[in-house]
Amino acid sequence: MLTQNTLDTLRQLKLTGMCDALEQQRAQPDTHDLAFEERLALLIDREVLHRENRRLDRLLKAARLRVPACVEDVDYRHPRGLERSRMAGLASCDWIRQSLNLCITGPTGCGKTWLACALGNQACRQGLSVRYLRVPRLFEQVRIAHGDGSYARLMNQLLKTDLLILDDWGMQKVTAQQRQDLMEVIEDRHGRGSTLIASQLPTEHWHDYIGSATLADAILDRLLHGAHRLNLKGESLRKAKAQNTESVDPS
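In this text, all values refer to a predicted model and were calculated from it rather than measured experimentally.

Novice: Would you mind going over the overall build of the chain in detail, with residue names and values included?
Specialist: Secondary structure assignment for the chain yields 12 helices and 5 strands. Dimensions of the chain, computed from the C-alpha atoms along their principal axes, are close to 75 × 60 × 35 Å. Burial analysis of the chain (251 residues in total) assigns 42% to the buried set. The long-range share in the chain, meaning contacts at least 24 apart out of those at least 6 apart in sequence, stands at 79%. Accessible surface, the chain as shown: approximately 14,400 Å² in total, 51% of it carbon and sulfur. A gap of 4 Å separates the mean positions of the 35 positive and 32 negative side-chain charges of the chain.

Novice: Lay out the pattern of salt bridges in plain terms, naming residues and giving numbers.
Specialist: Applying the stated criterion to the full structure yields 8 salt bridges. D75 is the salt-bridge partner of R77, the closest N and O atoms lying 3.1 Å from each other. For R77, a relative accessible area of 75% translates into the label exposed. We classify D75 as partly exposed; its relative accessible area is 24%. Here the salt bridges do not stand alone but share partners, grouping R66, R134, D167 and D168 into one network.

Novice: Which residues make up the environment of T31, and what values do they have?
Specialist: Assignment of secondary structure puts T31 in the loop between α2 (16–27) and α3 (36–63). For the pair T31 and T195, spaced 164 residues apart in sequence, the C-alpha to C-alpha distance is 48 Å. Discounting residues that sit within four places of it in the chain, T31 has contacts with Q25 and R39.

Novice: Describe the pairing of strand β1 (residues 102–105), listing the residues and the values that go with them.
Specialist: Burial along β1 is two-sided: the face carrying L102 and I104 and the face carrying C103 and T105 are both buried. Here β1 pairs with strand β4 (residues 194–199) via 4 bridges, running parallel. Across the sheet, residue C103 finds its bridge partner in β4, namely I197. Note: β1 against strand β5 (residues 228–231), 4 bridges, orientation parallel. Each bridged residue has a counterpart across the sheet, and for I104 the counterpart in β5 is L230.

Novice: If you had to explain a nonpolar patch on the surface to someone new, which residues and values would you point to?
Specialist: Where nonpolar side chains cluster on the molecular surface, the patch consists of F36, L40, I44 and V48 and spans about 370 Å² of accessible area. Here I44 shows up in helix α3. With a relative accessible area of 41%, I44 lands in the partly exposed category.

Novice: Give me the environment of A198: which residues, what numbers.
Specialist: With respect to the secondary-structure elements, A198 resides in strand β4. Excluding residues that lie within four positions of it along the chain, A198 makes contacts with I104, K112, L166, D167, D168 and W169.

Novice: Could you give me a rundown of helix α11 (residues 213–224), with the residues and numbers involved?
Specialist: In this model, α11 (12 residues) spans 16 Å end to end at C-alpha, consistent with the 16 Å of a helix rising 1.5 Å per residue. Every buried residue of α11 is accounted for by L215, A216, A218, I219, L220, L223 and L224. Contact partners of the buried residues in α11: β1, β3 (163–169), α9 (176–189), β4, α10 (206–210) and β5. Once α11 ends, the next one or two residues include G226, with phi positive near 75 degrees.

What counts as what
Residues numbered from 1 in each chain as written. Predicted model: local features only at pLDDT ≥ 70, side-chain atom pairs only at ≥ 80, totals over all residues. Heavy atoms only, no water. Helix = DSSP H or I, 4+ residues; strand = E, 2+ residues; numbered from the N terminus. Buried < 20%, exposed > 50% of the residue type's maximum accessible area, 1.4 Å probe, protein only. Contact = heavy atoms within 4.5 Å. Areas by Shrake-Rupley, 256 points an atom, 1.4 Å probe, with all protein chains shown as cover. Lys, Arg positive; Asp, Glu negative; His and termini not counted. Charge placed at Lys NZ, Arg CZ, Asp CG, Glu CD. Salt bridge = Lys/Arg side-chain N within 4 Å of Asp/Glu carboxyl O. Pairing = 2+ DSSP bridges. Patch = residues over 30% accessible without salt bridge, like charges linked within 9 Å, V, L, I, M, F, W, Y side chains within 5 Å. Expected span 1.5 Å × (residues − 1).

Spelled out as structure tokens, the structure:
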């Protein structure tokens, strides 16, 4: 009865990890031979692990990464100019803690989105908040926010995000309103959060993509100054995988 009361109290205190660990200890007689301090340490470790896992789940859910990717699965065999040492440095996420930006450019199919999501996943695993958005979706969300009165709340959410991933940058020309909205997002985050841009468009063409010389200068100065850059090359990974699949003898 006493143990059940303890379990109920742990649940009321939302110490779910400790509660589960205590029930597990009750079911495993070997743990009864441990000293009190050792058993207590196991309960605390379980609670810490439980909270870390819950936080990671929340961060990954909020990030809405487009693909499930992690840095441990990066393929370095494909000749696309990706270096292990460079990825190891980015995987440390120190650049995010320093509010620096990252630009990943390269031809279609070279793995820009996958790498962006892998780094986003790594950031979540280190307790950093992440949000993935395709640029057209960002513009659509901002447009709706202007209309329904949620603009300030949306901008605040973007500002508080440690890493904002903007994919499909440069896919289509932007309007005057979209340029202004983009400027507001980038200006708010400048020096206070990291932005990862994934684009087929080389950085030297970004000025033309944005359109307005004045706003383009301001946006790119904030995005590119001191930013890390990954310029990928080579053939499409999707195409290479498809060819490898076709070359396998089905018999």
